[in-house]
Amino acid sequence: MAGPTTADRGERHKPKSGPPRPPRGRRLRMRLPRPRVVIVTGVALLLGAATIWLLCGSQWLRVERVTTSGTGVLTPAQVRAAAAVPVGAPLISVDTGDIEDRLRRKLPRIDSVEVVRSWPHGIGLKVTERKPVLIVENGANGKNGENREGDSNAGKFVEIDAKGVRFATVQKAPRGVPRLELTPDQTGAAASLRRFGPDRLVREAVRVAGDLPPAVARDTRTVRVRSYDDVSLALSGGRTVAWGSGEKGDTKATTLTALMKAAPKARHFDVSVPTAPASSGS
């Protein structure tokens, strides 16, 4: 009888398809979490829940006091009232950005404000007030001032800061702050106002006031603006300065200082062209 052929032996040794069988003698087992892992996970969940309750649900860590700093003209009571901080609320839930927006909206005298949480029970309001560099009579130059700080009577003067913002009205002019007069040249007033507008002319006046030498700034009583390139100053003692436009302010300030030293008895100084200054009167 013939034995198996080569083909038969090949078929017999051909590996079978399908997934591999597990080794004999071993059983499949499901790997369960170790007790230590279960304990750590449970503790973490408990700590998380306790933290949430402590911050949001407990009577601890709630707003009990509101402090202010940086006020000058404004009072701490005004700032706290405008901030409307929710006393008694969880400290973590206080929307500091919303309070900052509300303060700037209700108190335009505030230039910047930072609201900070002071754990465990406080909210701090850090205020920076605007400083007036010019004042304008209320209702003058076609713009009425507004009673922006809750006073029952309209103020007589409008304060303007270094950015040209009209931010408050006051009954009494602040000491040492020059008065702004917008008196457009009648021959070119319409063209000047159409091109630049009153707000641009106010900013130009503010720019000039900020460039003045300290000694001249202390003596300045009025800043007059007739057009964009026609700004002049009225100083104490009846002296005047023709400044021109707000351009080259540093150069004009240096030139004016030297000119006043060279002609201390002069009554009029012209630095509108700083390379060709002039003085007159004595």
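Residues numbered from 1 in each chain as written. Predicted model: local features only at pLDDT ≥ 70, side-chain atom pairs only at ≥ 80, totals over all residues. Heavy atoms only, no water.

**Q** Run through the sheet that holds strand 2 (residues 110–118), naming residues and quoting values.
**A** What links the strands of a sheet is backbone hydrogen bonding, and the strands pair in either a parallel or an antiparallel sense. Overall, mixed pairing links the three strands, which are arranged 1-3-2 in an open sheet. A strand with exactly one partner marks an edge of an open sheet, and here the two such strands are strand 1 (65–69) and strand 2. Across the sheet, the axes of successive neighbouring strands diverge by a mean angle of 20°, strand direction being ignored. Note that strand 2 and strand 3 (residues 122–129) share eight bridges and pair antiparallel. Within strand 3, the residue paired with Ile-110 across the bridge is Glu-129. (Pairing = 2+ DSSP bridges. Helix = DSSP H or I, 4+ residues; strand = E, 2+ residues; numbered from the N terminus. Axes fitted to C-alpha atoms, helices over the stretch in contact; angles between N-to-C directions.)

**Q** Describe the pairing of strand 7 (residues 179–182), and please don't skip the residues or the numbers.
**A** Residues in a regular strand project their side chains so that they alternate between the two faces of the sheet. Burial along strand 7 is one-sided: Leu-180 and Leu-182 are buried, while Arg-179 and Glu-181, pointing the other way, are not. Of the pairings in the sheet, the one linking strand 7 to strand 8 (residues 220–227) comprises four bridges and is parallel in character. The residue bridging Leu-182 from the neighbouring strand is Val-225, located in strand 8. (Buried < 20%, exposed > 50% of the residue type's maximum accessible area, 1.4 Å probe, protein only.)

**Q** Go over the packing of helix 3 (residues 76–83) against helix 4 (residues 96–106), please, and point to the residues and values.
**A** Remark: helix 3 packs on helix 4, axes separated minimally by 8 Å, with the N-to-C direction vectors making an angle of 120°. One element, helix 3, and the other, helix 4, form an angle in the oblique class. Note that helix 3 runs across helix 4; the crossing there is right-handed. Between helix 3, through Val-79, Ala-82 and Ala-83, and helix 4, the contact on the second element is made entirely by Ile-99, Arg-102, Leu-103 and Lys-106. Class assignment of the residues belonging to the contact of helix 3 with helix 4 gives a composition of five nonpolar, no polar and two charged. (Parallel < 35°, antiparallel > 145°, perpendicular 65-115°, else oblique. Left-handed = near helix turned anticlockwise from the far one by under 90°. Contact = heavy atoms within 4.5 Å. Nonpolar A, V, L, I, M, F, W, Y, C, P; charged D, E, K, R; others polar.)

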